[in-house]
Amino acid sequence: MVWISRMCYRKYGNFVDNLRLYVRGGSGGMGLPRLGGQGGKGGDVWVVAQKEMTLKRVKDKYPQKRFIAGVGTNSSVRALRGQKGEDQEVLAPPGITVTNDDGKVLGELNTEGDRVLVARGGRGGSYHSEFLPSKGQTSQIRLDLKLIADLGMVGFPNAGKSSLLTALSHAKPQIASYAFTTLRPEIGKVMYEDHKQISVADLPGLIEGAHMNRGMGHQFLKHVERTRQLLFVVDVCGFQLASKTPFRSAFEAVQLLIKELELYKEDLPCKPAVLVVNKMDLPDAEDKLTELQEQLLNPHKFSHLLPEDMVPKNNIVFRHVVPISAATGFGIAHLKTCIRQSLDEDASMATESLHRDKLQALRGAVPATNTLTWGPTP
């Protein structure tokens, strides 16, 4: 028996997934020339992960979006070495990438307590600077939230991802017979009989050229980076975005999805993946599924179906290929089992790897002199 609970972000207008902030490290304190005193260093600005924080709360609490650290104290007769200025902390949710305006990654916040230094304080005045302090670093930074979920659905618009999320969970995304119904991330949670919960993210549909930021482009792909595994969803009968765009079969859709991920970031297709073949309630679906299965076994044999520059460098070997109908419920129970198996397999491998590392570390810590050598018996 499997039952479902719901976790869904419905107030889309309040969803904040990126924020631009002004940060400045504190200036150093003045030195004291006649006694050789050194001024205190200016405070630093840090971005710190806190579990209950959201980017919306940061935006509401600090509408000016300015974070300035404290100034170091001047050297004095009473205290020749000035005190360091107070650090300034910007609290942000886990799952954040911190970049500067040039796009350079300054760091990531993956778990609670992670810290990223974004602006250093200036040095205090000393003999080497003629006792004059320096100013703190100044920068414009961006906090970019990448959705963290166990599974991220990958599919072209209207592949049935929203319907599938509804079938898997109690989430209620927009569902319609036209493309681009999902404009914001929607998360459903599947709860199993043993109380295990798995989060599944329905993300805005890709289009060809997403890696070049077409359509939802990078808004979609940045969320995919933060999912543990991928859930590819394709229409068994194929897909056509518009009358002026080419029709793509289910196999072509799979190949194009892999290529878009690969072009955005080459290691994205390396994530473990499950393929869901949706709309099995449509006419000729069984024949189409058989054709797809044959093509997936020999993808290189059918690569001529795509433009040469859209053929993936490496194909994904899916852990499971699951035919379903989100509309009728066919195959949903089996899909839930496959999802659980895939995630459990990863967790087991991670545990084994950790145990091996610990064992190796323990062996390395044992001194060679402790080894007993048995001589011949007199």
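Residues numbered from 1 in each chain as written. Predicted model: local features only at pLDDT ≥ 70, side-chain atom pairs only at ≥ 80, totals over all residues. Heavy atoms only, no water.

The name recorded for the protein in an unreviewed UniProt entry is GTP-binding protein 10, from Hucho hucho. Checking UniProt for the protein, the heading Subcellular location (unreviewed entry) contains the comment "Nucleus, Nucleolus". (UniProt positions renumbered as here; feature names shortened; annotations may be inferred.)

Novice: Account for the pattern of salt bridges, with residues named and values stated.
Specialist: As enumerated under the stated definition, the model contains 13 salt bridges in all. Residues Asp44 and Lys41 are paired through a salt bridge, measuring 2.6 Å at the closest nitrogen-oxygen approach. Overall, Lys41 belongs to the partly exposed group, its relative accessible area being 31%. Lys279 is the partner of Asp235 in a salt bridge, and the nearest nitrogen-oxygen pair spans 3.3 Å. One end of the pair, Asp235, is in strand E13 (residues 227-235); the other, Lys279, is in the loop between strand E14 (273-278) and helix H5 (285-297), and 44 residues separate them in sequence. Classification of Asp235 by relative accessible area gives buried; the value is 13%. (Salt bridge = Lys/Arg side-chain N within 4 Å of Asp/Glu carboxyl O. Buried < 20%, exposed > 50% of the residue type's maximum accessible area, 1.4 Å probe, protein only. Helix = DSSP H or I, 4+ residues; strand = E, 2+ residues; numbered from the N terminus.)

Novice: Report on the sheet that holds strand E6 (residues 96-100), specifying residues and quantitative values.
Specialist: One open sheet accounts for five strands, arranged E4-E2-E9-E6-E7; its pairing is mixed. Bordering the open sheet on either side are strand E4 (66-68) and strand E7 (105-109), each of which pairs with just one other strand. Ignoring which end each strand starts from, the neighbouring axes of this sheet average 25 degrees apart. The sheet contact formed by E6 and strand E9 (residues 138-145) spans five bridges and is antiparallel. Each residue of the ladder has a partner; that of Asn100, found in E9, is Ile141. (Pairing = 2+ DSSP bridges. Axes fitted to C-alpha atoms, helices over the stretch in contact; angles between N-to-C directions.)

Novice: Go over a negative patch on the surface, please, and point to the residues and values.
Specialist: A cluster of acidic side chains, namely Asp284, Glu286, Asp287, Glu291 and Glu294, defines a negative patch on the protein surface. Structurally, the position occupied by Glu286 is in helix H5. Residue Glu286 is classed as exposed on the basis of its relative accessible area, which comes to 52%. (Patch = residues over 30% accessible without salt bridge, like charges linked within 9 Å, V, L, I, M, F, W, Y side chains within 5 Å. Areas by Shrake-Rupley, 256 points an atom, 1.4 Å probe, with all protein chains shown as cover. Lys, Arg positive; Asp, Glu negative; His and termini not counted. Charge placed at Lys NZ, Arg CZ, Asp CG, Glu CD.)

Novice: How would you sum up the packing of aromatic side chains? Please name residues and give values.
Specialist: On inspection of all chains with the given rule, the structure shows four aromatic pairs. With a centroid separation of 5.9 Å and an interplanar angle of 5 degrees, the aromatic rings of Phe156 and Phe239 are classed as stacked. Here Phe239 lies in the loop between E13 and helix H4 (250-264) and Phe156 lies in the loop between strand E10 (149-154) and helix H2 (161-168), a separation of 83 residues in the sequence. An identical accessibility class is assigned to Phe156 and Phe239; each is buried. Ring geometry for Phe251 against Phe302: centres 6.1 Å apart, planes inclined by 70 degrees, an arrangement best described as edge-to-face. With Phe251 in helix H4 and Phe302 in the loop between H5 and strand E15 (320-323), the pair connects residues that are 51 residues apart, well separated along the chain. For the pair shown, Phe251 and Phe302 are each scored as buried. Between the NZ or CZ atom of Arg115 and the centre of the ring of Trp46, over which it lies, the distance is 4.6 Å. Here Arg340 stacks its cationic end above the ring of Tyr192, 5.1 Å away from the centre of that ring. (Phe/Tyr/Trp six-rings, centres within 6.5 Å; stacked < 30°, edge-to-face > 60°. Lys NZ or Arg CZ within 6 Å of the ring centre and 35° of its normal.)

Novice: Describe a nonpolar patch on the surface, naming the residues involved and giving the relevant values.
Specialist: On the surface, Leu35, Val77 and Leu80 cluster together into a nonpolar patch covering about 260 Å² of accessible area. Position of Val77 relative to the elements: it lies in the loop between E4 and strand E5 (88-92). With a relative accessible area of 56%, Val77 lands in the exposed category.

Novice: Summarise the pairing of E10; cite the residues concerned and give the values.
Specialist: Among the six residues in E10, six count as buried, and that is most of the element. With three bridges connecting them, E10 and strand E12 (residues 197-202) associate as parallel partners. Looking at the pairing, Gly152 lines up with Ala201 of E12.

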